[in-house]
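Overview (structure and organization)
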Amino acid sequence: MSKNSKPLQVMGIVNVTPDSFSDGGEYNRLNDAVDHVAQLINDGADLIDIGGESTRPGSNSVAEQEELDRVVPLVKAVRERFDVPISVDTTKARVMSESIRAGANLINDVNALREEGALEALSASNVEVCLMHMQGEPRSMQHNPLYDDVVCDVKTFLQERVHACENAGIDRERIWLDPGFGFGKSVRHNYQLLQRLQAFHELQLPLLVGLSRKSMIGHVTGREVKERLAGSLAAATIAAMKGARIIRVHDVKETVDAMKVIAATLEGEHL
Ligand code: 7PM
């Protein structure tokens, strides 16, 4: 799917956490989420990322059954209705294998397959995987993030996780990497990562980045979450100019336009 196609792709975020969408029971929640997916596809999303576990800094983890109940029916519903590539944002092995069975094409793991059974869930399949860097765990990761050199440390971590994948029988062709903006990083760390994003090309794997509406945008603009579109577009543009291949965002329509301008500019380089 995605790896050999468009050089610059926009991934639309679909949250199926209790705080998202209506509170009108299971059926309505699923329906609203399917409508949201339809909207994202209409807006030009190249793939969608379904997440049922809140990885918000300071958050607690979600029970496995609850996450399965939120995610798997939506993966099935989307697979039945649309032919968009589906990514599932999860750290749990069981959610990975059930999602893959339901038709997911990519597993997006903020924990980089470190949970028990996760490497096995992926090696038993042929779907793609995104390995993201996170220092600490969501509940406490923002307390005191510490690095020697954030770019080198994150790179070393990702390299180790690539090796773990390869040893488990997941070949490189299936792997995406993500420096994990906002996951156990200070504002300064986040901007160092963005500034030096090219350094990750040394690992010779495609990069996915998530910057949309994050606190690093809020910190410099002074804007609340819903007012961070312009800042997020700037960050997405910088990441794309530095070679990121998938941009994970809430505001698909606007980001697709920005990426079209970048693509036209970069294509010009080869003329
Ligand atoms: C609240 C705050 C809810 C932050 C959710 C979040 C990434 C991701 C997330 C990312 C990859 C968000 C995060 N962020 N997966 N999942 N990369 N690969 O801002 O940066 O969406 S959750």
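This section reports on the structure supplied with the text. (Residues numbered from 1 in each chain as written. Predicted model: local features only at pLDDT ≥ 70, side-chain atom pairs only at ≥ 80, totals over all residues. Heavy atoms only, no water.)

Of the two faces of strand β6 (residues 175-178), the one carrying Ile 175 and Leu 177 and the one carrying Trp 176 and Asp 178 are both buried. Handedness of the β-α-β unit built from strand β5 (residues 128-132), helix α5 (residues 150-167) and β6 comes out right-handed. (Buried < 20%, exposed > 50% of the residue type's maximum accessible area, 1.4 Å probe, protein only. Helix = DSSP H or I, 4+ residues; strand = E, 2+ residues; numbered from the N terminus. Right-handed = clockwise from strand over helix to strand, strands pointing away.)

This part takes up the packing of α5 against helix α6 (residues 187-195). Between α5 and α6, the shortest axis-to-axis distance is 9 Å and the interhelical angle comes to 75°. It follows that α5 is roughly perpendicular to α6 by the angle criterion. Between α5, through Val 150, Val 151 and Val 154, and α6, the contact on the second element is made entirely by His 189, Gln 192 and Leu 193. (Axes fitted to C-alpha atoms, helices over the stretch in contact; angles between N-to-C directions. Parallel < 35°, antiparallel > 145°, perpendicular 65-115°, else oblique. Contact = heavy atoms within 4.5 Å.)

Core analysis: the biggest nonpolar cluster contains 72 residues, and Ile 50, Leu 113 and Ile 247 have the highest contact counts within it. In terms of residue count, the dominant contributor to this core is α5 (eight residues). In contact with Ile 50, not counting residues within four places along its chain, are Val 14, Val 16, Val 71, Leu 74, Val 75, Val 78, Ile 86, Ser 87, Val 88 and Asp 89. Ranked by size, the runner-up nonpolar core spans seven residues in total, among them Leu 47, Leu 106, Cys 130 and Leu 208. (Core = buried A, V, L, I, M, F, W, Y, C linked by side-chain atoms within 4.5 Å.)

What follows is about the sheet that holds strand β4 (residues 106-109). Strand order in the open sheet made by the eight strands is β6-β5-β4-β3-β2-β1-β8-β7, with parallel pairing throughout. Where the open sheet ends on each side, the last strands, each with one partner, are β6 and β7 (208-210). Shown here is a sheet whose adjacent strand axes are inclined to one another by a mean of 25°, direction ignored. (Pairing = 2+ DSSP bridges.)

Here the focus is helix α1 (residues 25-42). Counted at 1.5 Å a residue, the expected span for α1 with its 18 residues is 26 Å, and the 26 Å between its end C-alpha atoms agrees. Every buried residue of α1 is listed here: Arg 29, Ala 33, Val 34, Val 37 and Leu 40. The buried side chains of α1 occupy one side of the element, clustering within an arc of 135° when seen end-on. Those residues of α1 that are exposed and angled more than 90 degrees off the buried face are Tyr 27 and Asn 42. Where the residues of α1 are buried, they touch β1 (9-15), β2 (47-51), α2 (64-81) and α9 (252-268). (Expected span 1.5 Å × (residues − 1). Arc of directions from axis to C-beta.)

Summarising the element assignment, His 133 is placed in the loop between β5 and α5. Polar contacts involving the side chain of His 133 include one to the side chain of Lys 185, which spans 2.8 Å. With near-sequence residues (within four places) excluded, His 133 lies in contact with Val 110, Tyr 147, Val 154, Phe 157, Leu 158, Asp 178, Pro 179, Gly 180, Phe 183 and Lys 185. (Polar contact = N/O pair within 3.5 Å; in protein donor to acceptor, adjacent residues only side chain to side chain.)

Moving on: the pattern of salt bridges. One pass over the full model with this rule turns up twelve salt bridges. Of the charged contacts in the structure, one is a salt bridge between Asp 89 and Arg 248, with a shortest N-O distance of 3.3 Å. Remark: Arg 248 occurs in strand β8 (residues 246-249) and Asp 89 occurs in strand β3 (residues 86-89); sequence separation between them is 159 residues. Like Arg 248, Asp 89 is buried. For Arg 196, the salt bridge is made with Asp 149, and the minimal N-O distance between the two is 3.4 Å. (Salt bridge = Lys/Arg side-chain N within 4 Å of Asp/Glu carboxyl O.)

Glancing now at the environment of Tyr 147. Its place among the elements puts Tyr 147 in the loop between β5 and α5. Classification of Tyr 147 by relative accessible area gives buried; the value is 15%. Tyr 147 sits twelve residues away from Gln 135 along the chain, and the two C-alpha atoms are 9.4 Å apart. If we ignore the near neighbours within four places in the chain, the residues touching Tyr 147 are His 133, Gln 135, Asp 153, Val 154, Phe 183, Gly 184, Lys 185 and His 189.

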